[in-house]
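# Reading the structure
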Amino acid sequence: MKASCQVFQLPKVNLSLFLSAAYKLSSSSPLASEIKIEIDRITRIINDHPFPDEPLQPTLLQHIPPVSLSTSFVESVLGRLFVAHSNGLKALEFFKYSIHHSQLSPSVDAFEKTLHILTRMCYFDKAWELMIEMRETHPSLLSLKSMSIMLAKIAKFQSYEDTIKAFKRMETEVFVGKNFGIDEFNVLLRAFCSQREMKEAKSVFQKMHSRFSPNTKTMNILLLGFKESGNVTATELFYHEMVRRGFKPNSMTYNIRIDAYCKKGHLGNGLRLLEEMEQVHCLPTIETVTTLIHGAGIARNTPKARQLFDEISKRNLRHDIGAYNAMINSLIRSKEINSAIELMDEMERMQIEHDGVTYHTMFLGMIKLSGIEGVCELYYKMIDRNFIPKTRTVVMLMKYFCENQHLDLGLNLWDYLVMKGHCPHSHALDLLITGLCSRGRLQEAFQCCKQILERGRHMSESVYCMMQRFLKQYDEMDKLMELNRMIMNLQSVLPPSGQKVIGSTC
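Structure report, in brief. (Residues numbered from 1 in each chain as written. Predicted model: local features only at pLDDT ≥ 70, side-chain atom pairs only at ≥ 80, totals over all residues. Heavy atoms only, no water.)

## Here we look at the packing of aromatic side chains
Tallied over the full model, the rule gives 12 aromatic pairs. Considering the side-chain rings of F309 and Y324, the 5.1 Å spacing of their centres and the 75 degrees angle between planes classify their relative orientation as edge-to-face. You can see F309 sitting in helix α17 (residues 302-310) and its partner Y324 sitting in helix α18 (residues 321-333), a full 15 residues away along the chain. Taking the relative accessible area as the measure of exposure, F309 reaches 3% and is therefore buried. Note on Y324: relative accessible area 2%, which makes it buried. Arranged with centres 5.7 Å apart and planes meeting at 80 degrees, the rings of Y379 and F401 form a pair that is edge-to-face. (Phe/Tyr/Trp six-rings, centres within 6.5 Å; stacked < 30°, edge-to-face > 60°. Helix = DSSP H or I, 4+ residues; strand = E, 2+ residues; numbered from the N terminus. Buried < 20%, exposed > 50% of the residue type's maximum accessible area, 1.4 Å probe, protein only.)

As structure tokens, then:
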């Protein structure tokens, strides 16, 4: 185990210059590739660190010389910890280490990533402490985005009243001396709208709009909230109310309305709005065309999707990853899997890298149209490119592998993610443990549970009960006691969701 954690040694004296130079080079350069390897290694060391049994700071001192703490390096490691679903306290320890051992001031991006990781795991007390500390030591880090990160997660995980209190606390304890205006009010509204809590959003608007003068952005936020709730009628009614109040629609307004229609399969209405945009000299954006391509796919109108895709350059717009993904989605919906594969190849020729949406869409198509052969071909291609899929893709693949007699592929995916320094989502663990236990592969199930607990994440109540039942059945009481010890240690610093003690009802 120690051998796998050997440090990739770089000359300490010149490491900071080495890192700075590497980030200025293209991602394909040998120097940049070495830095990427180093970032991956540090991420893996942090994520694999036994938590909370041992303190993290001594490990960071051992493996990360202070001279290496460039701004780009810290941001990149935190970014990897974010996508790896790392424990929030580990990310916080790394951020604090970078502050205390570097002569550089922390960056806004590093602070916001740390805040995002903490709030995603509901470490709200730690997040408040961090914001208040930054107010005292680095007030320039506090921004509308950091406020948005905090309020959005409070709106998601806590009550309406808690969110309002948090907004007031921002004003009195974090952004002290700042006069809150329409920009801050828009952040509060967006917190509710992003969670599709339109009743709460309307209540806030009615109670507080007299204090803050709404602008077009305010109205677009509310319009977006109605759209996200899936109610086209409510979206259009609010749009007409917006116009009646004297607000002039912009490209964002039209994009929201077009998306509302397209998601319901009403492509004709979306195209009508495109014509209306052009008539009022509101130029369509690449987002407008991408939305319509996606809408054409939902309507199973591949020729129209292709026409819109081909017209992008004629509109003086550039094909981007979103446009390609929308076109691939349209082809998949029309069962044109080979055309979708060709478009993926075209992306490579155009030097447009495949992203999480590209892979997720293609895997959906492969599962429905090509079976295990097509899925495996794409899966191994993704692995060869060292690409880490998003959580929803991991869960989808794990479900497909485990429910279709390909359990070894499920374990392969799990091992790949762990090897890359990631902590797979609990839904993926649920699926894998169910498959392993149902086939009597208890030792492998036990190791997977240990891995997720060691990385500072909880297993679900259902997985614990399953492991408890099978370990008792096979008289593996030592293993059950080890899991219980690890769970208790973790619960001492991170209570599970809802403050429920895992194992209390099994």
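## Describing the environment of I433
Positionally, I433 belongs in helix α24 (residues 426-438). Judged by its relative accessible area of 0%, I433 falls in the buried class. Placed 210 residues apart in sequence, I433 and L223 show a C-alpha to C-alpha distance of 42 Å. Excluding residues that lie within four positions of it along the chain, I433 makes contacts with A445, C448, C449, V463, M466 and M467. (Contact = heavy atoms within 4.5 Å.)

## Side note on the side chain of T114
By the secondary structure assignment, T114 is in helix α6 (residues 108-120). Among the residues examined, T114 registers a relative accessible area of 0% and is labelled buried. Here the side chain of T114 touches A110 through a polar contact of 2.9 Å, landing on its backbone oxygen. Sequence-distant contacts of T114, defined by excluding residues within four places in its chain, comprise L78, A91, L92, F95 and L130. (Polar contact = N/O pair within 3.5 Å; in protein donor to acceptor, adjacent residues only side chain to side chain.)

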